[in-house]
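# Structure assessment
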Amino acid sequence: MFYYVLKYVVLGPLLRLVFRPRIEGLEHIPDDGAAIVAGNHLSFSDHFLMPAILKRRITFLAKAEYFTGPGIKGKLTAAFFHSIGQIPVDRSGKEAGQAAIREGLGVLDRGELLGIYPEGTRSHDGRLYKGKVGVAVMAIRAGVPVIPCAMVGTFEIQPPGQKVPKVKRVTIRFGEPLDFSRFAGLEDQKAAIRAVTDEIMYAILGLSGQEYVDEYAAKAKAAQAEESRKLPRRSR
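Analysis parameters
- Numbering of residues begins from 1 in every chain and follows the order in which that chain's sequence is written.
- Only residues with pLDDT of at least 70 are given local features in this predicted model, and only at 80 or more are side-chain atom pairs given and counted; all residues enter the totals for whole chains, interfaces and linings.
- To get the side-chain values, all heavy atoms of the structure are used, and hydrogens and water are removed first.
- A fitted line through C-alpha atoms represents every axis, and for helices the fit uses only the stretch in contact; the resulting angles, taken between N-to-C directions, go from 0 to 180 degrees.
- Under the scheme used here, helices are H or I runs from DSSP no shorter than 4 residues and strands are E runs no shorter than 2 residues, and both carry numbers assigned from the N terminus.
- The cut-offs work like this: below 35 degrees is roughly parallel, past 145 is roughly antiparallel, 65 to 115 is roughly perpendicular, and the gaps in between are oblique.
- In what follows, a contact means two residues having at least one pair of non-hydrogen atoms within 4.5 Å.
- Just so you know the grouping, Ala, Val, Leu, Ile, Met, Phe, Trp, Tyr, Cys and Pro go in nonpolar, Asp, Glu, Lys and Arg go in charged, and all remaining residues, Gly too, go in polar.
- Every patch collects residues that have over 30% relative accessible area and no salt bridge, joining them within 9 Å if they carry like charges and within 5 Å if they are nonpolar side chains (Val, Leu, Ile, Met, Phe, Trp, Tyr).
- Areas reported as accessible are Shrake-Rupley estimates using a 1.4 Å probe. Residue values count occlusion only from the protein chains shown.
- For this analysis, a salt bridge means a side-chain nitrogen from Lys or Arg found within 4 Å of a carboxyl oxygen belonging to Asp or Glu.
- Each residue gets one of three labels from its accessible area relative to the maximum for its type: buried under 20%, exposed over 50%, partly exposed in between, using a 1.4 Å probe on protein chains only.
- Residues grouped as a nonpolar core are buried Ala, Val, Leu, Ile, Met, Phe, Trp, Tyr and Cys residues, joined through side-chain atoms within 4.5 Å.
- In this scheme, strands are said to pair when DSSP sees at least two bridges between them.

### Remarks on the packing of helix 5 (residues 134–142) against helix 7 (residues 190–208)
Closest axis-to-axis distance for the helix 5/helix 7 pair is 8 Å, and the angle between their directions is 105°. Between helix 5 and helix 7, the interaxial angle falls into the category roughly perpendicular. Across from V135, A136, V137 and I140 in helix 5, the residues of helix 7 making contact are I193, V196, T197 and I200. Class assignment for the residues of the contact of helix 5 with helix 7 results in seven nonpolar, one polar and no charged.

Here it is in structure tokens:
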């Protein structure tokens, strides 16, 4: 109930008024039935802007940290994400990844829309990074289409670390559904799920026009953080 109050009464109208998103390819979102919407992830604002413009409810796999923050702010954030039906995902290891896949398959089994960011985390520099294979496993196992999505301009309005987004128009672009029925039964084959994941990321790239980096975003972030820690020592 709270989800629809936010979408149609409170947050949705406000976001559409302030950011005036250009919507392209909305016809590719099915009116009913299970499907995965796989997008790039540039900004915290992505969590709100895409659901605000969709006619159907969409459930995202959200990082567990949104549900476990300390203090009043943490409790309010957790309550908000729970109330809009988002699913916490522990990103700390292989078993955690399997749990996320089970949760996602549960959403698809109910005939709903599942939203996922295959990069696994927000891009720290606006580039598109290598996708993790969980999206492919779910698409093949559930036998559902994958609709690629590109958020364009959200990095500029709210890059990582910026708390209040700038007021600037953004574009949300959906591509044609991708059918992976030819891979049925191959969700345990590494080559197959890598091929499916790469096809999804290539479709997102075609919609977003970003520079692509063949490396996981989390690894690139960690390397950048380590380099930043070394800089003060070098300057001494």
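### Section: a nonpolar patch on the surface
Together, Y4, Y8, V9 and V10 give the surface a local cluster of nonpolar side chains, amounting to about 400 Å² of exposed area. Mapped onto the elements of the fold, Y4 is located in helix 1 (residues 2–19).

### Points about the environment of I157
Within the secondary structure, I157 is located in helix 6 (residues 154–157). I157 sits in the buried class, given a relative accessible area of 0%. Spatially, the C-alpha atom of I157 lies 23 Å from that of I84, the residues being 73 residues apart in sequence.

### Structural notes on the nonpolar core
Counting residues in hydrophobic clusters, the biggest one holds 31 residues, and the most contacted among them are I36, M138, V146, F180 and I200. When residues in this core are grouped by element, the largest group, seven residues, is from helix 7. Within the second largest apolar cluster, 30 residues are counted, among which are Y3, A62, F81 and Y117.

### Re the pattern of salt bridges
Where charged atoms of side chains with opposite charge meet at close range, the side chains can pair. All chains considered together, the criterion is met by eight salt bridges. Here E187 ties to R141 by a salt bridge, and the two come within 3.7 Å at their closest N and O atoms. With E187 in the loop between strand 8 (171–174) and helix 7 and R141 in helix 5, this pair connects stretches of sequence that are 46 residues apart. The shortest N-O distance in the salt bridge between D188 and R141 comes to 3.8 Å.

### Side note on unusual backbone geometry
What you tend to see is this: most non-glycine residues have negative phi, and most peptide bonds are trans. Positive phi is not limited to glycine here, since R20 has a value of about 40°. With respect to the helices and strands, the residue R20 is situated in the loop between helix 1 and strand 1 (22–24). Accessibility expressed as a relative area gives 45% for R20, which makes it partly exposed.

### Focus: the pairing of strand 5 (residues 113–116)
Side chains L113 and G115 project from strand 5 onto one buried face, and the interleaved L114 and I116 project onto a second face that is buried too. Sheet topology note: the strand 3 (residues 58–63)/strand 5 ladder contains three bridges and is parallel. Note that in strand 5 the partner of F60 across the bridge is G115.

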